[in-house]
Structures are given as structure tokens and as C-alpha cells.
Amino acid sequence: MPSPLFADRPAPQAPAPDAVDALIHRTRRLRGDVDAVRRDAVVFDEDDPQRRWQRALCELAVQHLDNLDEHLGQLRAGLPDRSPDDAPRADGVPDEPGAGSLLHRVGSAEWNLLTDESSWSDELYEIFGRPPGSTPLSLDDLPSVLLPEDQPVLTAMVTGCLVDGRPMDGEFRIVRPDGRTRTLHMTGEPVLDAEGCTASMWAVLRDVSELRRSEQAVSRDRASVRREEHIERTEHRMAVELQEAVLPPWRGSLRLPTQGPAALDIAAYYLPSESSGLIGGDWYDAMELPDGRTLLTVGDLTGHGIPATSAMAMMLGALRGMAVAGIEPGALMGHLNQVLETSVQPALGSALCCRFDPATSVLSWAQAGHPAPLLFRHGSGRPLPPPDGMLLGAASNVVFEQDEVRLCPGDVLVLHTDGLARRGDRGAGPEALLALAPRFAEARTAQECVRSVVEEFGGTERLDDACVLVARIGA
């Protein structure tokens with residue numbers, strides 16, 4: 001049975017593939033337009049700082065659009081498989097940078113190797129948190145504001161640019177005078193003199209703190225999703241193993257008692273929920289008692305997963321022990337109510353307990369807020385009038401009444417949990433079962449009756465799992 005707190009809520013919807021494809025198409029078209037502007041900027045005089053600035057901005061824009069294209073592709077493909085590169089960095093997340101346009105997060109600098117002069121743009125002063133007009137940091141002083149672990153990165157970039165003439169492209173983190181940490185992406189090239197020697201070095205630095213913070217948040221969320229999925233799979237596996245260990249080991253059909261003409265031909269089946277991931281507290285059982293009578297029971301506890309299956313194991317164990325001790329079904333339900341009421345994890349439950357005497361063909365039974373047994377005779381079926389009984393765990397000192405009915409050879413008794421109902425139609429279970437009366441009349445075994453139930457309900461959309469137990473009275 002579903003939890004009493006259950007309520008239908010609209011499930012969150014993933015982005016439509018067509019919408020994502022349209023965004024990818026627009027991004028790539030924009031990327032082509034920006035790339036064309038970048039190619040035009042290359043023909044301008046490389047000695048003009050303004051033109052270099054424009055070209056660098058175009059390159060940054062292209063890089064940003066490439067990143068957007070990649071992220072949209074990941075969105076279309078879904079959560080990717082974990083790779084070592086996906087692991088979040090161990091360092092702290094940078095502080096959130098101030099708001100502003102892209103121009104306010106991008107600055108430029110040039111270091112003249114001949115005069116040892118440094119020239120910074122106003123935006124770069126703002127990025128580094130230094131007063132405008134103050135002395136710019138030289139290449140020798142620049143590593144002093146970096147985190148110690150990032151200083152080798154900058155050293156390698158500058159050395160490669162000045163000595164080998166390679167363009168710079170890398171990231172490092174700085175600590176501003178106000179103590180805030182920023183992540184900067186730097187690109188640059190050497191500026192050669194007429195003799196082909198490196199005369200200066202220019203660079204464009206972009207504050208990517210917000211972008212990296214978002215990427216780290218995505219990485220953490222991705223890791224969190226994977227952890228939750230792993231926990232869910234582990235709990236589901238444990239719940240299944242616990243359920244399989246507790247439910248009766250017999251499969252197929254069972255004859256109880258094993259001797260005698262009025263023995264019951266018994267078969268049962270567990271039907272998982274629509275998602276197959278919601279292992280609930282449903283149970284079924286049949287066993288021969290020491291006095292020769294037969295116990296038949298089905299039940300259901302609220303909740304899903306390990307709490308529900310562990311509570312079900314406790315309840316079924318208590319039920320079996322009290323039945324073996326000879327406690328009548330009505331009194332047994334009262335004891336079960338006390339067990340559930342005093343358990344560490346309180347829950348609600350419904351149950352059906354029947355005891356069949358093969359000597360008299362009398363079925364004694366009691367119920368706790370559970371669908372009544374269905375009796376099929378001569379091609380028609382009806383629910384048995386239920387004795388009084390309320391949900392287990394709902395109240396204290398509850399008295400559960402007990403009723404009796406005499407069964408005839410050829411009768412078919414069906415016990416089930418209410419999870420058989422289809423989605424949106426909680427009353428469909430009993431009516432659909434009663435409609436199977438003609439097929440039950442033609443069935444020769446209880447297993448054939450169960451097969452008919454599975455054919456009727458096995459493919460339906462059920463919100464909850466369910467159990468069905470069929471007992472056919474022998475001649």
C-alpha cells in the first residue's frame with residue numbers, strides 16, 4: 001500500500017531534444033560569425049594594442065562559444081560516465097566575483113623586456129584588486145600574488161613565451177589584497193623586434209572565477225547524483241535480497257497439508273511496481289501448522305526500500321511464530337498491531353490471516369484494513385464479508401473480529417494486496433480479479449489461476465508492488 005503521505009506530483013521534465021538541438025545549431029552559427037570577425041581582425045597591424053585587444057576578445061568569445069557547444073552537447077546526451085578528469089579539485093571554491101559585463105572581467109597587460117616597463121589596462125587593475133594608477137606588477141613580482149601551487153604554471157607559461165616564442169594559454173589563481181581568490185585565464189604572445197628577438201610580451205587575462213565556480217558546482221552535483229544513484233542501487237539490491245530471504249522459499253505450487261484428500265493446492269506470485277525500483281513491504285506465506293491446519297496470509301506495510309522490507313521481515317516472523325503457537329487469527333492480529341505499534345520505525349500496515357482446517361473444511365480468518373479474500377465457486381466469484389478490523393499500527397488496544405466460512409471441493413480462494421490496482425484506479429483490483437471467474441473455473445491447478453492473474457495484471461501500470469496467493473480446495 002502507498003504511504004499515507006503519498007501524493008501525486010508532476011515529475012520534472014528533461015529538456016526536449018528538439019529545443020537543445022536548436023540551441024546547438026544557433027550556437028554554432030554564432031560561432032561561425034564570430035570566427036569570421038576574428039579572421040578579419042588578424043589582417044590589422046599587430047603593433048596596434050587596440051587591434052590585439054579586439055582579436056583577443058574574439059578568441060575569447062570563440063572559446064566561450066565552443067564551451068557552450070560542448071555543454072549543450074552534454075545536456076543532449078545526458079549524464080556522462082565518470083572519468084578521472086571529472087573529479088572536482090581539492091582546493092576551495094573561489095569567492096563569487098562581482099557582477100559586470102565581459103569587458104569588466106577582461107584586462108590586458110604588456111611587459112617590455114627592454115625597458116622593464118609594465119602597462120596594465122584599467123580592467124586588469126580591477127581584476128587584481130589594485131588601485132588604478134598604482135605600479136603594475138612586473139613579471140618577476142606577478143608570481144607573488146598566485147597561490148603557491150599555481151606559481152609553476154605561470155613560470156612555465158612565461159618561460160615558454162619568452163624563450164621559445166610559444167603563445168601562452170593557461171589558468172592560475174591569485175589572491176587579491178582583500179583576501180579573495182580569483183581564477184584567471186591568460187593568453188598572450190611575444191612581440192618581436194625588427195631582428196626577430198623578443199622585445200615584449202602582451203597578454204589578455206580573463207576572470208573566469210564565476211565560470212569555474214559553476215563548473216565545480218556542476219561537478220559536485222554530478223558526483224552527488226552518482227552517489228545517490230549508487231546508494232539507491234545498493235539499497236534496492238539489499239531490499240531485494242532481504243525480501244527473497246524472508247518470503248517463502250517455495251516457487252510454483254505447494255500442497256498443504258501434504259497428506260489427506262482435502263489438501264490445499266497453493267500458488268503465489270509477487271508482482272513488482274511499474275518502476276521495478278520500489279520494493280515495498282508486501283508479503284505472502286503459506287505453511288502447515290503443528291495441529292495439521294494450514295496458515296494462509298498476505299499483507300502490506302507502508303513505505304519502500306530497506307525500512308519496509310525489514311519491517312515486513314519482523315512482522316512475518318512474528319506472524320509465523322504466533323500461528324505455530326496456535327493463536328487464533330483474530331487474537332493474532334491484535335498482537336501484530338502491538339508489535340507494529342512498538343517498533344523502532346512506526347508504520348501502518350494491512351494484513352489478512354487465514355487458518356484452514358482440512359478435517360472440517362472451515363476457514364477461520366481475520367483482517368486488518370485489508371481487502372477481503374475472494375471466493376470463486378461454480379464459475380462466479382464474490383468477496384467474503386469482512387469481520388471488523390482496522391489498519392495495523394493505527395490505534396492501540398484494537399479488537400479484531402474473526403469469521404468463519406466453510407469451503408467446498410473445487411473452490412478457489414484468492415488473497416491479494418491492494419497494489420494490484422492500476423494507476424489512477426485503486427478499485428480496479430478486486431473487480432478485475434472477479435472477472436477472472438470463468439478462467440478460474442476452467443483451471444485445473446492453483447498455478448494456472450496465478451498465471452491468469454499475472455496475464456491480467458503483469459503488464460499494467462501499478463504505482464505499488466503487489467502479492468497474490470491462490471488456494472484451490474481439493475476433492
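The structure we're discussing is the one just above.
The shown structure was predicted, so the numbers you read here are calculated from the model rather than taken from an experiment. (Residues numbered from 1 in each chain as written. Predicted model: local features only at pLDDT ≥ 70, side-chain atom pairs only at ≥ 80, totals over all residues. Heavy atoms only, no water.)

> Which parts of the structure should I look at to understand the overall build of the chain?
Each helix and strand counted, the chain has 10 helices and 16 strands in total. In the chain, which comprises 475 residues, the share counted as buried stands at 42%. Expressed as a percentage of contacts within the chain between residues at least 6 apart in sequence, the contacts between residues at least 24 apart total 65%. Surface summary for the chain: the accessible area is close to 23900 Å², and the carbon and sulfur share equals 54%. (Helix = DSSP H or I, 4+ residues; strand = E, 2+ residues; numbered from the N terminus. Buried < 20%, exposed > 50% of the residue type's maximum accessible area, 1.4 Å probe, protein only. Contact = heavy atoms within 4.5 Å. Areas by Shrake-Rupley, 256 points an atom, 1.4 Å probe, with all protein chains shown as cover.)

> Would you mind going over helix α4 (residues 151–164) with me for this structure?
For an α-helix the count is 3.6 residues per turn, leaving residues at separations of three or four pointing the same way. Helix length check: α4, at 14 residues, gives a terminal C-alpha distance of 19 Å against a target of 20 Å (1.5 Å per residue), a fit within 8%. Buried residues of α4: Leu154, Met157, Val158, Gly160 and Cys161, and no others. Each buried residue of α4 sits inside an arc of 160° when the element is viewed along its axis, so together they form one side. In α4, those exposed residues whose orientation departs by more than 90 degrees from the buried face are Pro152, Val163 and Asp164. Immediately downstream of α4, the backbone of Gly165 shows phi near 75°, a positive value. (Expected span 1.5 Å × (residues − 1). Arc of directions from axis to C-beta.)

> I would appreciate a short explanation of the side chain of Ser121 in the present structure.
Structurally, Ser121 is set in the loop between β2 (118–120) and α3 (122–128). Judged by relative accessible area, Ser121 falls into the buried class, the value being 14%. The residues contacting Ser121, other than those within four sequence positions of it, are Gly107 and Ser108.

> How should I be thinking about the pairing of strand β11 (residues 362–368) in this particular structure?
Residues in a regular strand point their side chains to alternate faces of the sheet. For β11, the tally of buried residues reaches seven of seven residues, placing the bulk of the element in the interior. Side chains Val362, Ser364, Ala366 and Ala368 project from β11 onto one buried face, and the interleaved Leu363, Trp365 and Gln367 project onto a second face that is buried too. Alignment of strand β10 (residues 349–357) against β11, held across seven bridges, turns out to be antiparallel. From the neighbouring strand, Leu352 faces β11, where its bridge partner is Gln367. Counting the residues in the hairpin turn of β10 and β11 gives four residues, including Ser361, whose phi is positive at 60°. (Pairing = 2+ DSSP bridges.)

> Hey, could you run me through the state of the cysteines in this one?
Throughout this description, disulfide means a covalent bond between two cysteine sulfur atoms. Inspection of the entire model under this criterion finds zero disulfides. Here Cys353 stays free of any disulfide, with the sulfur of Cys354 as its closest cysteine sulfur at 6.7 Å. (Disulfide = S-S within 2.5 Å.)

> Which parts of the structure should I look at to understand the packing of helix α6 (residues 306–324) against helix α7 (residues 329–341)?
When two helices pack together, you describe them by how their axes are tilted relative to each other and by the distance separating the axes. Interaxial distance between α6 and α7 falls to 10 Å at its minimum, and their mutual angle equals 145°. For the pair α6 and α7, the crossing hand works out as right-handed. Here α6 contributes Met314, Met315, Ala318, Leu319, Met322 and Ala323 to the contact with α7, which in turn contributes Leu332, His335, Leu336, Val339 and Leu340. (Axes fitted to C-alpha atoms, helices over the stretch in contact; angles between N-to-C directions. Left-handed = near helix turned anticlockwise from the far one by under 90°.)

> What is the right way to look at the sheet that holds strand β1 (residues 106–112) in this model?
Two orientations exist for strands paired in a sheet by backbone hydrogen bonds: parallel and antiparallel. Pairing in this open sheet of five strands is antiparallel, and the strands run β2-β1-β5-β4-β3 from one edge to the other. The open sheet has two edge strands with one neighbour each: β2 and β3 (168–175). Pairwise comparison of adjacent strand axes, ignoring direction, gives a mean angle of 25° for this sheet. Relative to strand β5 (residues 198–207), β1 is paired through seven bridges, and the arrangement is antiparallel. By the bridge assignment, Ser108 is partnered in β5 with Val204. In the packing of α4 onto the sheet, contacts are made with β3, β4 (181–192) and β5, and the angle to β3 comes to roughly 145°.

> What exactly am I supposed to notice about a negative patch on the surface here?
Residues Asp116, Glu117, Asp140 and Asp141 make up a contiguous surface patch of negative charge. By the secondary structure assignment, Glu117 is in the loop between β1 and β2. (Patch = residues over 30% accessible without salt bridge, like charges linked within 9 Å, V, L, I, M, F, W, Y side chains within 5 Å. Salt bridge = Lys/Arg side-chain N within 4 Å of Asp/Glu carboxyl O. Lys, Arg positive; Asp, Glu negative; His and termini not counted. Charge placed at Lys NZ, Arg CZ, Asp CG, Glu CD.)

> Please clarify how the packing of aromatic side chains should be interpreted in this entry.
Aromatic rings in a pair are described by how distant their centres are and how their planes are angled relative to each other. Applying the stated criterion to the full structure yields three aromatic pairs. The interplanar angle of 85° and the centroid separation of 4.7 Å between the aromatic rings of Phe376 and Phe440 together place this pair among those described as edge-to-face. Here the residue Phe376 occupies a position in strand β12 (residues 374–377), and Phe440 occupies one in helix α9 (residues 437–442), the gap between them amounting to 64 residues. Here Phe376 and Phe440 have matching classes, each one buried. An aromatic cluster is defined as three or more aromatic residues linked by ring pairs; in this entry it consists of Trp120, Tyr125 and Phe128. (Phe/Tyr/Trp six-rings, centres within 6.5 Å; stacked < 30°, edge-to-face > 60°.)

> Is there a simple way to explain the environment of Pro387 in this structure?
By secondary structure assignment, the location of Pro387 is in the loop between β13 (380–383) and β14 (403–406). Along the chain, Pro387 and Gln367 lie 20 residues apart, while their C-alpha atoms are 7.0 Å from each other. Apart from the residues lying within four places of it in its own chain, the contact partners of Pro387 are Trp365, Ala366, Gln367, Glu401, Gln402 and Asp403.

> What is the right way to look at the sheet that holds β14 in this model?
Spatially, β8-β9-β10-β11-β14 is the arrangement adopted by the five strands of the open sheet, whose pairing is antiparallel. Each edge of the open sheet carries a strand with a single partner, namely β8 (283–288) and β14. Put simply, the sheet's adjacent strands are angled 15° from each other on average, direction ignored. Here eight bridges tie strand β9 (residues 294–301) to β10, and the two strands are oriented antiparallel to one another. Paired with Gly299 across the two strands is Ala351, which belongs to β10.

> Quick question: what am I supposed to make of the pattern of salt bridges here?
Between side chains of opposite charge, a pair can form as their charged atoms come close. Summed over the entire model, instances satisfying the criterion amount to 16 salt bridges. A salt bridge links Asp21 to Arg76, with the shortest nitrogen-to-oxygen separation between them at 2.7 Å. In this pair, Asp21 sits in helix α1 (residues 17–42) while Arg76 sits in helix α2 (residues 49–77), placing the two residues 55 residues apart along the sequence. Using a relative accessible area of 31% as the deciding quantity, one classes Asp21 as partly exposed. Accessibility expressed as a relative area gives 46% for Arg76, which makes it partly exposed. Note that Arg173 is salt-bridged to Asp150, the shortest N-O span being 2.7 Å. Of this pair, Arg173 sits in strand β3 while Asp150 sits in the loop between α3 and α4; the two residues are 23 residues apart in sequence, bridging distant segments of the chain. Shared partners join several salt bridges into a network, and the residues in it are Arg31, Asp35 and Asp66.

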